[in-house]
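# Fold and contact review
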Amino acid sequence: MTANAIVVHDLTKRFPVRRQWAEMVRGPFRQEWTTVLNGVNLEIKQGEVFGMLGPNGAGKTTLLKILSTLLLPSEGQAFVNGCDVVSSPHRVRQAVGYCSDSERSFYYRLSGMENLAFFATLNNLDSHSATSRIAEILKIVDLNGAADVPFMTYSKGMQQKLGLARALLTDPAVLLLDEPTKSLDPGAAAGLRRFLRDTLAGKMGKTILLVTHSLEEARECCDRTAVIGQGKISFQGSWPEVQGFVQSQMFPS
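Since we're looking at a predicted model, the values are computed, not measured.

### Structural notes on the overall build of the protein
Tallying secondary structure elements over the protein gives nine helices and 10 strands in all. For 253 residues, the compact-globule estimate of 2.2 N^0.38 gives 18 Å, and the protein sits close to it at 19 Å. Over its C-alpha atoms, taken along the principal directions, the protein stretches across nearly 55 × 50 × 40 Å. Here the protein holds 253 residues, and 45% of them are scored as buried. Within the protein, counting contacts between residues at least 6 apart in sequence, those at least 24 apart form 70% of the total. Approximately 13200 Å² of the protein is accessible, and the part contributed by carbon and sulfur atoms is 52%. Of the charged side chains in the protein, 27 are positive and 24 negative; the average position of the first set lies 5 Å away from that of the second.

Next up, the structure:
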């Protein structure tokens, strides 16, 4: 039986609502909350490409931030490779590679290699290990020819690939990808999807949780997909099952 790489049980996340000064004066101790995740349950198998499909504001990115230990849940539990994200955050971070919006998270004047060297240091990789690992990863993501080029000159597709390279620095078992093909042209998006499916999942055996609002991306990449809206998972299953559910919601009989 295949073990689960990610397990989420009754996960809830609330954020305080920002109030106007007049409201704070009238009720200084009153606090309102907005619920972004509401009792989410999820199991993702090792080596699986799992899609999280939903519109903007559905709670997808919040879930990834909890799984990568950037946010604490309000209620419920989440485990990555058997480690609790709250009680064992260090072990979770060792198992996870998180790829968010790449453009705003690199240093524009540094080259691709220099950027990766900086993040390797943050991940406590020694210089010898970092040099060989960076060279290996740049080859994997097909950026070795642009290693010494400043990030500011990278195309959007190259930026996304460098974001994946950073997520792979520590050779994590689980990859959390937040809309990795966003802003790419159709050809570049299709190429990146093939890379995720064939190389990262197929050859390297990574477990991938892929956040997207693209039906095409879910169909092409994912073994299973969950549909989330307003912080709740309304359906999950294989692509034919999800496609039937989505169509039934768009065109109810």
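### Here's the deal with the sheet that holds strand β2 (residues 33-45)
A sheet is described by the order of its strands in space; here four strands give the open sequence β2-β1-β4-β5, paired in antiparallel fashion. Both outer strands of the open sheet, β2 and β5 (83-84), are each paired with one neighbouring strand and no more. The sheet contacts of helix α2 (residues 60-67) involve β1 (4-16), β2 and β4 (75-80), and relative to β1 the element is tilted by about 115 degrees.

### A closer look at α2
Within α2, six of the eight residues are buried, which leaves the element mostly enclosed by the surrounding structure. Turning to α2, its buried residues number three or more, namely Lys-60, Thr-62, Leu-63, Leu-64, Ile-66 and Leu-67. Just downstream of α2, Thr-69 is the residue with a positive phi angle, here 70 degrees.

### Points about the pairing of strand β8 (residues 207-212)
Side-chain direction in a regular strand flips from residue to residue, so the side chains alternate between the two faces of the sheet. Counted residue by residue, β8 has six buried out of six residues, so it is predominantly covered. Across the two faces of β8 the burial is the same, with Thr-207, Leu-209 and Val-211 and Ile-208, Leu-210 and Thr-212 all buried. As judged from the five bridges shared by strand β3 (residues 49-53) and β8, these two strands associate in the parallel manner. Within β8, the residue paired with Leu-53 across the bridge is Thr-212. Across five bridges, strand β7 (residues 174-178) lies against β8 in parallel orientation. Bridged to Val-174 within β8 is Thr-207. Between the parallel elements β7 and β8, the chain passes through helix α7 (residues 186-203) in a crossover that is right-handed.

Cut-offs used in this document
Residues numbered from 1 in each chain as written. Predicted model: local features only at pLDDT ≥ 70, side-chain atom pairs only at ≥ 80, totals over all residues. Heavy atoms only, no water. Helix = DSSP H or I, 4+ residues; strand = E, 2+ residues; numbered from the N terminus. Rg over C-alpha atoms; globule rule 2.2 N^0.38 Å. Buried < 20%, exposed > 50% of the residue type's maximum accessible area, 1.4 Å probe, protein only. Contact = heavy atoms within 4.5 Å. Areas by Shrake-Rupley, 256 points an atom, 1.4 Å probe, with all protein chains shown as cover. Lys, Arg positive; Asp, Glu negative; His and termini not counted. Charge placed at Lys NZ, Arg CZ, Asp CG, Glu CD. Pairing = 2+ DSSP bridges. Axes fitted to C-alpha atoms, helices over the stretch in contact; angles between N-to-C directions. Right-handed = clockwise from strand over helix to strand, strands pointing away.

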